[in-house]
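# Per-entry structural report
Letter by letter, the chains look like this.
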Amino acid sequence: MPTVTVCRDCCCGSAVKVPYLDHEAQLTDLRASLAGVAKVRRADCLDACERANVIVVQPSPEGRKAGGRPVWLGLVNDPGAAEDIVTWVRSGGPGLAEPPEILDFYVFKPSRRIQRELDR
């Protein structure tokens, strides 16, 4: 089962930083849409505040065996982007399914330190 980590702390999830998005609804919708398909967890600051809202999609064990690695997505601030993430994860996620091309606009590579912290 893939894991979807949704950053919610100082910037991600902040109406001050991203005022036009219902942040709690985004998290609730992700949990409902991926129930039984992926583990959706809320995380404190992932230290990529300039890219709020950040979502990380980690592969399932099968996806990792197939070469999948965590995919960091930033500026996920509209319902369409969240829907594209849901579609991809429902198809298998990293290593098992190609993400919709539109998600290329959201992908970024965090520092190694930040990546290690998430993997704990």
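Residues numbered from 1 in each chain as written. Predicted model: local features only at pLDDT ≥ 70, side-chain atom pairs only at ≥ 80, totals over all residues. Heavy atoms only, no water.

A word on the overall build of the protein chain. A count of helical and extended segments in the protein chain gives four helices and five strands. When the helices and strands of the protein chain are placed in sequence order, the string is β-α-β-β-α-β-α-β-α. Reported as C-alpha extents along the three principal axes, the dimensions of the protein chain are approximately 40 × 30 × 25 Å. The buried share of the protein chain, taken over its 120 residues, is 46%. On the protein chain, roughly 6500 Å² of surface is accessible, and the fraction owed to carbon and sulfur atoms is 51%. In the protein chain, the 16 positive side-chain charges and the 16 negative ones have mean positions that sit 9 Å from each other. (Helix = DSSP H or I, 4+ residues; strand = E, 2+ residues; numbered from the N terminus. Buried < 20%, exposed > 50% of the residue type's maximum accessible area, 1.4 Å probe, protein only. Areas by Shrake-Rupley, 256 points an atom, 1.4 Å probe, with all protein chains shown as cover. Lys, Arg positive; Asp, Glu negative; His and termini not counted. Charge placed at Lys NZ, Arg CZ, Asp CG, Glu CD.)

By the definition in use, this model includes one aromatic pair. Between W72 and F108 the ring centres are 5.9 Å apart and the planes differ by 75°, which places this aromatic pair in the edge-to-face class. Here the residue W72 occupies a position in strand 4 (residues 71-73), and F108 occupies one in strand 5 (residues 107-108), the gap between them amounting to 36 residues. Comparing W72 with F108 shows no difference in burial state: the two are buried. (Phe/Tyr/Trp six-rings, centres within 6.5 Å; stacked < 30°, edge-to-face > 60°.)

So, about the packing of helix 1 (residues 23-33) against helix 3 (residues 79-90). Where helix 1 contacts helix 3, the two axes come as close as 10 Å, and the packing angle between them is 20°. Between helix 1 and helix 3, the angle is such that the two are roughly parallel. In the packing of helix 1 onto helix 3, the handedness of the crossing is right-handed. Together, Q26, L30 and S33 of helix 1 and A82, V86 and R90 of helix 3 make up the contact between the two elements. Residue composition of the contact of helix 1 with helix 3, grouped by class: three nonpolar, two polar and one charged. (Axes fitted to C-alpha atoms, helices over the stretch in contact; angles between N-to-C directions. Parallel < 35°, antiparallel > 145°, perpendicular 65-115°, else oblique. Left-handed = near helix turned anticlockwise from the far one by under 90°. Contact = heavy atoms within 4.5 Å. Nonpolar A, V, L, I, M, F, W, Y, C, P; charged D, E, K, R; others polar.)

With that settled, the discussion passes to the pairing of strand 2 (residues 39-43). Summarising the sheet, strand 1 (residues 3-7) and strand 2 pair through five bridges and their orientation is parallel. Within the sheet, the bridge partner assigned to C7 lies in strand 2 and is A43. (Pairing = 2+ DSSP bridges.)

Honestly, it's all geometry; don't read function into it.
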